[in-house]
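Each chain, written out:
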Amino acid sequence: MIARWILLALLPVVAVIALSQPRRLSAIIGMGLFSLLLAAVYLLMHAPDVAITEATIGAALVTAIYVLAIRRTGRLIVVADEAPGLIAREGKQIVGLEYDILVGFAREVGLDLSIQFVPLRRVRWLIDHHEADMGAGGIIPLAVEASNLMSTPQHLASGVYRFEAKSLPRETARPAGIAKIAETAPDYEGYFSDLLTHDRNGTLPTVATSLDLARVLALGRTGAALHGLDRMDGSYGYAFLIAQKRVELQRDYAGYLTRLRDSGQLETLIGRHFS
Amino acid sequence: MKRMHVRTLLAVGIVAAFAGLVALSYVQTAPDPADSQYYLARPLSETGASNRVAGIYLNYRLIDTLLEVLVFSVAVLGVRYYLRKSDNIDLPDLSESEVVQTAVSFLSPLALLLCMFFAIFGHISPGGGFAAGVIAASALLYVAIAYGMTATEARWDPRRLAFAEKAILLSLLIFILVPAFVGKSPLTDLLPKGTPGDLLSSGSILIYNMLIAAKVFIGAWLVIAAFALHRGEL
């Protein structure tokens, strides 16, 4: 009798806990727990048939179907420009360190990873306008991001390279508005693959103001003439961008990265892609 | 922090509202415990099922149960009809880690055993066809999650099972309705009533339980398969 009342009192508590879970998977597990408690209540009320049905449908079947539902419909949309070694297309596949990190993170939070390649300058805009969840592709965050953006903890150290302003021809000097964007790294017009074309034409400094280490190395491998490129002082690192409002995503990702680093898996991944 | 607060408040509100509604309906139309005496007072030999619940819904209330099976069949039909077309790209097979696969391969045979127990002993002990079917379908769903849909579908082909589902529904309909139409009571005594508590007792309840278990199992699996087909993969 007492057990029945305790379980009955627990039901609304578990219901509230399940409803207020920020993570979908936790909410589903909360619902399953609710069903299991309810089944126990039925059992104590001498209704074993109902208890069996509640346990099988509520705790087993419905939980499994919800798990399936978040497996594919819950999507993690990541926008990125290609950065060789970090995230880049290789035939039909996407490879790179950031890609591996994102795959692991998406799997952990039960979201379906969807990567869309966009021109670099679209990345911040898309996240700012909630068209995408995360920005990737060799992003070195600003010391102070724009008001709606937030950067995740760094996952890899990097360096920033900048074309000297004086090396630019006068007529291609940027309008005043661009000056602020030029603080970011990397920064260039269009896609990374466009840079290779510009490099062949010798017009690289007209479209790019700054580059990051991974891209400089990739350009160097293609035999690009990178004269006029200066390494900036200071320590920089790659991170992802998330909208300021996505507190839960930010927290989940930070937790995931910490665990990845503590377990040594991050080192293994970095070694695999940059050895 | 503030957002978390709002979420919790909202959750408390929703739970309180539902609990209030249930309490209100209970106060207004509280079931009378004496009602159950009507069935409990009847001799056990009347249905032959020592599980009183099975005796009620597969003997006294057989037509209600038939309609319940029909409702379920219509639901399966609807899902299969509306999820028939798919414009999805071929998504890669998602299969889970070895831990999940090992756990599933250990648990799913146990679940199938439990399914058979509930179906065969549903008239003696708690259980019954509905729960048995759902257990088997859940077990298969967990297998599909662990090993991928393609591998599971190859063994449990939904197209062939769809035929079996309809055949079972048809046989249930014939079993129950034909005697009713020719002016006799529905077929509840296909097998001898026997001694309550024996495996072969309770007339047709044993057959109904097994048919319903197969029907619910196939129906639930068809819904899951339609779901998977529509999305490209589970």
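Residues numbered from 1 in each chain as written. Chains lettered and ligands numbered in written order. Predicted model: local features only at pLDDT ≥ 70, side-chain atom pairs only at ≥ 80, totals over all residues. Heavy atoms only, no water.

### Some words on the overall build of chain A
Tallying secondary structure elements over chain A gives 11 helices and 12 strands in all. Per-residue burial over chain A gives 46% buried out of 275 residues. At a minimum sequence separation of 6, the contacts of chain A that also span at least 24 residues come to 75%. (Helix = DSSP H or I, 4+ residues; strand = E, 2+ residues; numbered from the N terminus. Buried < 20%, exposed > 50% of the residue type's maximum accessible area, 1.4 Å probe, protein only. Contact = heavy atoms within 4.5 Å.)

### Quick word on the overall build of chain B
For chain B, the helix and strand inventory stands at nine helices and zero strands. Along its sequence from the N terminus, chain B presents helices and strands in the succession α-α-α-α-α-α-α-α-α. Counting all 234 residues of chain B, 37% fall into the buried class. Nonlocal contacts in chain B, meaning residues at least 24 apart in sequence, comprise 74% of its contacts between residues at least 6 apart.

### So, helix 8 (residues 158-181) of chain B
Residues and elements named next belong to chain B. Over its 24 residues, helix 8 runs 33 Å from end to end, which matches the ideal 34 Å to within 8%, given 1.5 Å per residue. Bending of helix 8 peaks at approximately 25° at the position of Ile-174. All of the buried residues along helix 8 are Pro-158, Leu-161, Ala-162, Glu-165, Ile-168, Leu-169, Leu-172, Ile-176 and Pro-179. (Expected span 1.5 Å × (residues − 1). Bend = angle between axes of the 7 residues up to and from the residue.)

### Observations regarding a nonpolar patch on the surface
All names here are of chain A. Taken together, the side chains of Met-1, Ile-2, Trp-5, Ile-6, Leu-10, Val-13 and Ile-17 define a hydrophobic patch exposed on the protein surface, amounting to about 750 Å² of accessible area. Positionally, Trp-5 belongs in helix 1 (residues 2-19). Here Trp-5 falls in the exposed class, since its relative accessible area comes to 53%. (Patch = residues over 30% accessible without salt bridge, like charges linked within 9 Å, V, L, I, M, F, W, Y side chains within 5 Å. Areas by Shrake-Rupley, 256 points an atom, 1.4 Å probe, with all protein chains shown as cover. Salt bridge = Lys/Arg side-chain N within 4 Å of Asp/Glu carboxyl O.)

### Overview of the pairing of strand 1 (residues 75-80) of chain A
All names here are of chain A. Counting buried positions along strand 1 gives five out of six residues, so the element sits mostly inside the fold. Sheet analysis places strand 1 next to strand 4 (residues 112-117), joined by six bridges and oriented parallel. Its bridge partner being in strand 4, Val-79 is matched across the sheet by Gln-116. Of the pairings in the sheet, the one linking strand 1 to strand 5 (residues 134-139) comprises three bridges and is parallel in character. From the neighbouring strand, Ala-80 faces strand 5, where its bridge partner is Ala-136. (Pairing = 2+ DSSP bridges.)

### Considering the pairing of strand 10 (residues 208-212) of chain A
Residues and elements named next belong to chain A. In terms of burial, strand 10 is largely enclosed, as five of its five residues are buried. Pairing geometry for strand 9 (residues 187-188) and strand 10, over two bridges, is antiparallel. When the bridges of strand 10 are listed, Asp-187 appears paired with Ser-210.

### Observations regarding the sheet that holds strand 8 (residues 160-163) of chain A
Residues and elements named next belong to chain A. Taken together, the four strands give an open sheet; going across it, the order is 9-10-8-11, and neighbouring strands pair in antiparallel fashion. Looking at strand neighbours, the two that pair on one side only are strand 9 and strand 11 (229-231), the edges of this open sheet. Bridge count for strand 8 against strand 11 is three bridges, and the pairing is antiparallel. The residue of strand 11 that forms the bridge with Tyr-161 is Arg-231. Packing of helix 9 (residues 213-221) onto the sheet brings it into contact with strand 8, strand 9, strand 10 and strand 11, and relative to strand 10 it is tilted by some 100°. (Axes fitted to C-alpha atoms, helices over the stretch in contact; angles between N-to-C directions.)

### Concerning the environment of A:Arg4
All names here are of chain A. With respect to the helices and strands, the residue Arg-4 is situated in helix 1. In this structure the C-alpha to C-alpha distance between Arg-4 and Met-45, which are 41 residues apart in sequence, comes to 7.7 Å. The residues touching Arg-4, leaving out its near neighbours within four places in the chain, are Leu-44 and Met-45.

### Observations concerning the confidence of the model for chain B
Summarising the model, chain B shows a mean pLDDT of 81, and 88% of its residues fall at 70 or more. The complex prediction reports pTM at 0.62, with the ipTM value standing at 0.82. (pLDDT = per-residue confidence, 0-100.)

### Notes on helix 4 (residues 97-108) of chain A
All names here are of chain A. Under the 1.5 Å per step criterion, the end-to-end length of helix 4 is 17 Å for 12 residues, consistent within 8% with the ideal 16 Å. When we look at burial in helix 4, the residues that qualify are Leu-97, Glu-98, Ile-101, Leu-102, Phe-105 and Ala-106. For helix 4, the arc enclosing every buried residue in end-on projection is 160°, short of the 170-degree limit, so these residues lie on one face. Backbone geometry just after helix 4 places Gly-110 at a positive phi near 70°. (Arc of directions from axis to C-beta.)

### Here we look at the nonpolar core
Soluble globular proteins tend to pack their nonpolar side chains together in the buried interior. In this structure, B:Leu58, B:Leu141, B:Ile212 and B:Trp221 are the most contacted members of the largest nonpolar core, which totals 48 residues. Mapped by element, the contributors of at least two residues to this core are helix 3 (48-72) of chain A together with helix 3 (52-60), helix 4 (62-82), helix 5 (98-120), helix 6 (129-147), helix 8 and helix 9 (205-231) of chain B. At 13 residues, the largest contribution of residues to this core is made by helix 9 of chain B. Ranked by size, the runner-up nonpolar core spans 34 residues in total, among them A:Ile87, A:Ala106, A:Tyr253 and A:Tyr256. (Core = buried A, V, L, I, M, F, W, Y, C linked by side-chain atoms within 4.5 Å.)

### Some thoughts on the confidence of the model for chain A
Residue and element names in this part refer to chain A. Averaged over chain A, the pLDDT score is 82; the fraction of residues at 70 or greater is 89%. Taken element by element, the predicted model of chain A shows its lowest mean pLDDT in helix 6 (residues 178-181) (41) and its highest in helix 2 (residues 24-44) (91). Here residues 166-182 is a poorly scored stretch, pLDDT under 50, and it has 14 contacts once near neighbours within four places are set aside; other chains count.

### Side note on the pattern of salt bridges
All names here are of chain A. By the definition in use, this model includes eight salt bridges over all chains. With its nearest N and O atoms 3.5 Å apart, the salt bridge here joins Arg-89 to Glu-82. Judged by relative accessible area, Arg-89 falls into the partly exposed class, the value being 45%. In this structure, the salt-bridge partner of Arg-259 is Glu-108, at a minimum N-O distance of 2.5 Å. Note that Arg-259 is positioned in helix 10 (residues 247-262) and Glu-108 in helix 4, a separation of 151 residues in sequence. Residue Glu-108 is classed as partly exposed on the basis of its relative accessible area, which comes to 27%. One salt-bridge network, in which partners are shared between bridges, spans Arg-121, Asp-187 and Glu-189.

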